[in-house]
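An overview of the molecular structure
Residues per chain, in single letters:
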Amino acid sequence: MANGIKARMMGGAFGLIAVFSAAAWAETPVPADLAQEEAYLDVLPKVEIPEDIQPIPGAVNEEFRNCEASWPAGYALARSGPEARALRDIYGLVRVRNVIETQDCGCAGKVANWEEVEAVAAALRDHHDVQRLSWQQTKAIAEEAATLTAVAETMCGGSF
């Protein structure tokens, strides 16, 4: 009898897992058109990436975490809150693009303009018709930022 109860409990648990998994899967929409999904990049000007990435001669690399005194006021929203992850993803892209464009590996290059973050966030909210962004809407941005961070780290000769 005890084995029968255990079997029913396990069956019920597996059933709940299946229901929760299906619900989570249903909440993640598949982008209809990848080009349309990446339209957020049109909000920012194009960044020129050299074909042969070389370290910047004489560059003095300063890690972003050491630039806290210069962080924009809006960055506090990216540290905690309902859109924190999404805003960090966007800011990560904006600031790495700034470093590549200006070729400034110090705090001035790594602390970017928060207004650009707000512009991209607003465009994404409109595009996805949401009040709050989640990591799902900024996943492509985070991936692009990671790719460009590798470029910036090569250019700056150290950690971003």
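For the structure itself, look to the data block above.
A brief look at the structure comes next. Everything numeric in this text was worked out from a predicted model, so none of it was measured.

Next up on the list: helix α6 (residues 114-128). Taking 1.5 Å per residue, 15 residues should reach 21 Å; α6 reaches 21 Å between its end C-alpha atoms and fits that length. The complete set of buried residues in α6 reads Trp114, Val117, Val120, Ala121 and Leu124. Buried positions in α6, seen along its axis, are confined to an arc of 120° and lie on one side of it. Away from the buried face of α6 by more than 90 degrees, exposed residues Glu115 and Asp126 are located. For α6, the elements touching its buried residues are α3 (76-79), α4 (84-102) and α7 (139-156). The backbone nitrogen of Glu115 has a side-chain oxygen 2.9 Å away, supplied by the residue at the start of α6, namely Asn113. Backbone geometry just after α6 places Asp129 at a positive phi near 55°.

Let's shift gears to the pattern of salt bridges. What the rule picks out here adds up to five salt bridges. As a salt-bridge pair, Glu83 and Arg125 come within 2.8 Å of each other at their nearest N and O atoms. Taken together, the positions of Glu83 in the loop between α3 and α4 and Arg125 in helix α6 put the pair 42 residues apart, joining distant regions of the chain. The exposure class assigned to Glu83 is buried, which follows from its relative accessible area of 12%.

What follows deals with the state of the cysteines. The full count for this structure, using the stated rule, is two disulfides. The disulfide partner of Cys67 is Cys107, and the gap between their sulfur atoms is 2.0 Å. Its S-S torsion of approximately -85° makes the covalent link between Cys67 and Cys107 left-handed. With a gap of 40 residues between them, Cys67 in the loop between α2 (34-37) and α3 and Cys107 in helix α5 (residues 107-110) connect regions that are remote in the sequence. Judged by relative accessible area, which is 2%, Cys67 ranks as buried. By relative accessible area, which is 23% here, Cys107 ends up partly exposed. Two residues, Cys105 and Cys156, share a disulfide whose sulfurs are 2.1 Å apart. The sign of the S-S torsion, about -85°, decides the handedness of the disulfide formed by Cys105 and Cys156: left-handed. Linking Cys105 in the loop between α4 and α5 with Cys156 in helix α7, this pair joins segments that are 51 residues apart in sequence. In this structure, Cys105 and Cys156 share a single accessibility class: buried. Assigning the bonded cysteines of the chain consecutive numbers by sequence position, one obtains the connectivity 1-3, 2-4.

Scoring rules and cut-offs
Residues numbered from 1 in each chain as written. Predicted model: local features only at pLDDT ≥ 70, side-chain atom pairs only at ≥ 80, totals over all residues. Heavy atoms only, no water. Helix = DSSP H or I, 4+ residues; strand = E, 2+ residues; numbered from the N terminus. Expected span 1.5 Å × (residues − 1). Buried < 20%, exposed > 50% of the residue type's maximum accessible area, 1.4 Å probe, protein only. Arc of directions from axis to C-beta. Contact = heavy atoms within 4.5 Å. Polar contact = N/O pair within 3.5 Å; in protein donor to acceptor, adjacent residues only side chain to side chain. Salt bridge = Lys/Arg side-chain N within 4 Å of Asp/Glu carboxyl O. Disulfide = S-S within 2.5 Å.

Purely spatial values, then, with no claim about function.
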